[in-house]
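Coordinates in review
Each chain is listed here by its residues.
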Protein chains: 2
Amino acid sequence: MNPHRIRRAVDAMSGYVPGEQPSEPGVVKLNTNENPYPPAPAVAAALRGATADVLRLYPDPVSARLCERIAEIHGARPDQVFVANGSDEILALCARAFVERDGAAGWFEPSYSLYPVLAQIEGIGCRPVDLGPEFEWRDPLGCGASLFYLTNPNAPTGMLHPEEAVRAFCARFPGVVLIDEAYVDFAPRSLMDLALSSDRVLVARTLSKSHSLAGLRLGYAVGPAPLIGAMMKIKDSYNVDRLTQELALAALSDLGPMQANAARIVATRDRTAAALEAMGARVCPSATNFLWIRPPRRPAPEVYADLRARGILVRHFDLPRTAGWLRVTVGADADMDLFLAAMRDVG
Amino acid sequence: MNPHRIRRAVDAMSGYVPGEQPSEPGVVKLNTNENPYPPAPAVAAALRGATADVLRLYPDPVSARLCERIAEIHGARPDQVFVANGSDEILALCARAFVERDGAAGWFEPSYSLYPVLAQIEGIGCRPVDLGPEFEWRDPLGCGASLFYLTNPNAPTGMLHPEEAVRAFCARFPGVVLIDEAYVDFAPRSLMDLALSSDRVLVARTLSKSHSLAGLRLGYAVGPAPLIGAMMKIKDSYNVDRLTQELALAALSDLGPMQANAARIVATRDRTAAALEAMGARVCPSATNFLWIRPPRRPAPEVYADLRARGILVRHFDLPRTAGWLRVTVGADADMDLFLAAMRDVG
């Protein structure tokens, strides 16, 4: 124990650094994959109908009504559903529930930069698996982890992994596979069926991106009941508050508005990608609400800084595999026109 | 790894069982220490003023404005404040941040029954320390833990530990002391000053009880900046959602309504305690919003069941030290009159 009485593994690590939430007004915010459109009208109606008085009572600790609705959406049973305070809670619980203390977790490099932080917190081994030179799939079967975090479509690259390769990996991997489908509503297909048929695949979803509810904190996992039950045992007792349960239920009552927004974003994304390619940028094929681009002329850190100076905030990850690239959230059409105009000058 | 691929410690344990949240209407709910009065008018006003559109953006990951207000209330710096998704999150983070894997956590028996569950989840040692025969203070100094959970006033007994004894313990205990002051707004004094002067004492608070906001999920810890920083590193990135941050800020903007409700509850508590003692019950001296009682004539489990049959829900903990007692939340006066009338029949 060090002088401050902090566990050594925690004392030694750095925390995860979330994308900047700028306080100055007028910033074109394309850095944290938020949705430019408001949440479904049913969410606003539920908020208008909410009363403070019921907040004196604890929420349902297991979010039963939400579990039922999510089960209905995916053709699952309620005991195959876990509702969380954002899908980040699911990712953290997986490291705590499915890896022995001398075990390891795996993930692709590059992928969601939270994964190594979760492994550090738990003091478990890290088994990063390099994607190919074009960020393409590499089979992580022999990585030696008992938990593999598989973001699909991947972030920050935006690429959807090849379906048959993922299925073959999941069929043979001896540990738990957490398929993080945070961006799947912008993609042509989901692997949710694996969560309902395998005894070791979980699929995580979030309302943060496609449902325009990053501020609400609601994620869920679907998968085998024993794995769901293990997460239930170790979560905080009342992990999802009353208002969040109510508003999430409203958001999931009718998927139409979310799907319409997602379709608009996909159209904007594809138009933006084509324009970037026309100016010479490299653009990874995206199945998400963001683009992973290599600027046509100048180094990514300089482009990042020049865009920032013009009030356009994108994301740069300063690591060997990612330092030459920028991740750009797909905003509204007007935002992307501002971004494209700026790129013509500073890209 | 067992066949279901769940970490052995998690597979072997039972989860925490929160108090029942009955779905049938008309139940007099005196089982989970909820406040019978609505939250402060400022909370309702903040809720009416909330709009769904901003929920598309992530919340402030560190709840900075709340930290500032809480710091102001307690005469602390903002870096001495940690804001959490309920104080349960703080309790769990303490077990993860301040105990090595081969270390142990301690607590009093009886006290909050979540503590052993948190130790089981982390696979750390358990160092329960028996309170005296009248549930009175015993010095836990030699318990061998590197983290001690000290609920003060204690639950489920309601008793405030003697101030000088707690101060002497905190001055000498070599590990971290988490003083859980969940019920302190119903007590004559707080030990918050220890959190501001010691390098190893944290004080946790919650808005669930005195602020009538159990459904909101907002707790906070005050203490030495290095300990607060360690919890910051390992929490979920966006642990408190936007609406919760806004409504909690409203609740903390003016403590007057909360204090008025607490005073009403204290008056009801003392009247109820006197009536119970008059009918021969043993009643622990309570500094909380609940009473810990031994029924005058019949065994506690039978009284619990008979009250339940009459639509009055209290709490019974079926463990050796607690099996003869009932924990009864102090509700509104009318609820307590119903409870007292029933006790005259079945107690």
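Quick summary incoming for the structure in this document. Everything numeric in this text was worked out from a predicted model, so none of it was measured. (Residues numbered from 1 in each chain as written. Chains lettered and ligands numbered in written order. Predicted model: local features only at pLDDT ≥ 70, side-chain atom pairs only at ≥ 80, totals over all residues. Heavy atoms only, no water.)

Points about the sheet that holds strand 5 (residues 147-151) of chain B
Residues and elements named next belong to chain B. Selection rule: The criterion for strand pairing is that DSSP finds at least two bridges linking the strands in question. Helix and strand assignments come from DSSP, with helices taken as H or I runs of at least 4 residues and strands as E runs of at least 2, each series counted from the N terminus. Helix axes are fitted only over the stretch in contact, all axes being lines through C-alpha atoms; the angle between N-to-C directions runs from 0 to 180 degrees. The contact criterion used is simple: two residues touch if any of their non-hydrogen atoms lie within 4.5 Å.
A sheet is described by the order of its strands in space; here 7 strands give the open sequence 2-8-7-6-5-3-4, paired in mixed fashion. Since the sheet does not close on itself, it has two edges, and those belong to strand 2 (81-84) and strand 4 (125-130), each with one partner. Recorded for the sheet is a direction-independent mean angle of 20 degrees between the axes of neighbouring strands. Of the strand pairs in this sheet, strand 7 (residues 201-206) and strand 8 (residues 219-222) are connected by 4 bridges, and their pairing is antiparallel. Among the inter-strand pairings, Arg 205 is bridged to a residue of strand 8, identified as Tyr 220. Of the strands in this sheet, strand 2, strand 5, strand 6 (176-180), strand 7 and strand 8 touch helix 4 (residues 87-97), which is tilted by about 155 degrees from strand 5.

Some words on helix 12 (residues 333-346) of chain B
All names here are of chain B. The condition is simple: An expected span of 1.5 Å times one less than the residue number is assigned to each helix. Accessible area is worked out with a 1.4 Å probe on protein chains only. A residue is then buried under 20% of its type maximum, exposed over 50%, and partly exposed in between. This arc corresponds to the set of directions leading from the helix axis out to the C-beta atoms.
For helix 12, spanning 14 residues, the distance from its first C-alpha to its last is 20 Å, which sits close to the expected 20 Å at 1.5 Å a residue. Residues Met 336, Phe 339, Leu 340, Ala 342, Met 343 and Val 346 constitute the buried set of helix 12. Across the axial projection of helix 12, the buried residues extend over an arc of 165 degrees, all falling on one side. Turned more than 90 degrees from where helix 12 packs its buried face, Ala 334 and Asp 345 sit exposed. Packed against the buried residues of helix 12 are helix 10 (256-278), strand 10 (290-294), helix 11 (300-309), strand 11 (312-313) and strand 12 (326-329).

Side note on the nonpolar core
Nonpolar side chains in soluble globular proteins generally cluster together in the buried interior. Under the convention used in this document: To qualify as a nonpolar core, a set must consist of buried Ala, Val, Leu, Ile, Met, Phe, Trp, Tyr and Cys residues joined through side-chain atoms within 4.5 Å.
Counting residues in each nonpolar core, the largest one holds 98 residues, and the members touching the most others are Leu 150 and Ile 179 of chain A together with Leu 150 and Ile 179 of chain B. If sequence neighbours within four positions are ignored, Ile 179 of chain A has contacts with Leu 150, Asn 152, Val 166, Cys 170, Leu 191, Leu 194, Val 201, Leu 202, Val 203 and Ala 204 of chain A.

A short note on the pattern of salt bridges
Put simply, the rule is: Throughout this description, the term salt bridge denotes a Lys or Arg side-chain nitrogen within 4 Å of a carboxyl oxygen of Asp or Glu.
Scanning all chains against the criterion turns up 43 salt bridges over all chains. A salt bridge links Glu 24 of chain A to Arg 308 of chain A; its shortest N-O distance comes to 3.3 Å. Linking Glu 24 of chain A in the loop between helix 1 (8-12) and strand 1 (28-29) with Arg 308 of chain A in helix 11 (residues 300-309), this pair joins segments that are 284 residues apart in sequence. For Glu 24 of chain A, a relative accessible area of 38% translates into the label partly exposed. Residue Lys 29 of chain B is joined to Glu 34 of chain B by a salt bridge in which the shortest nitrogen-to-oxygen separation is 2.6 Å. Note on Lys 29 of chain B: relative accessible area 21%, which makes it partly exposed. Linked by salt bridges that have partners in common, Arg 96, Arg 101 and Glu 122 of chain A together with Arg 96, Arg 101 and Glu 122 of chain B make up one network.

Some remarks on the packing of helix 10 (residues 256-278) of chain A against helix 12 (residues 333-346) of chain A
Residue and element names in this part refer to chain A. As a reminder, the rule being used: Oblique is the label for every angle not falling under 35 degrees (roughly parallel), over 145 degrees (roughly antiparallel), or within 65 to 115 degrees (roughly perpendicular). Charged means Asp, Glu, Lys or Arg here, nonpolar means Ala, Val, Leu, Ile, Met, Phe, Trp, Tyr, Cys or Pro, and polar covers whatever is left, Gly included.
The contact between helix 10 and helix 12 brings their axes to 11 Å, and the two run at 10 degrees. Classified by the angle their axes make, helix 10 and helix 12 are roughly parallel. Across the interface between the two elements, Thr 268, Arg 271, Thr 272, Ala 275 and Leu 276 of helix 10 pack against Asp 333, Met 336, Asp 337, Phe 339, Leu 340 and Met 343 of helix 12. For the contact of helix 10 with helix 12, the class distribution of residues is 6 nonpolar, 2 polar and 3 charged.

Brief notes about unusual backbone geometry
Note the cis peptide between Ala 155 of chain A and Pro 156 of chain A, where omega equals 10 degrees. Among the secondary structure elements, Pro 156 of chain A is positioned in the loop between strand 5 (147-151) and helix 6 (163-172). Here the residue pair Asn 152 of chain B and Pro 153 of chain B is connected by a cis peptide bond, since its omega of 0 degrees sits within 30 degrees of zero. Its place among the elements puts Pro 153 of chain B in the loop between strand 5 and helix 6 (163-172). A positive phi is found at Phe 135 of chain A, a non-glycine position, where the angle reads about 65 degrees. Position of Phe 135 of chain A relative to the elements: it lies in the loop between strand 4 (125-130) and strand 5. Looking at Phe 135 of chain A, the relative accessible area reads 5%, which means it is buried.

Considerations on the pairing of strand 12 (residues 326-329) of chain A
Residues and elements named next belong to chain A. Side-chain alternation along strand 12 places Leu 326 and Val 328 on one buried face and Arg 327 and Thr 329 on a second face that is also buried. The pairing of strand 10 (residues 290-294) with strand 12 spans 4 bridges and is antiparallel. Residue Trp 292 lies in a different strand from strand 12, and its bridge partner there is Arg 327.

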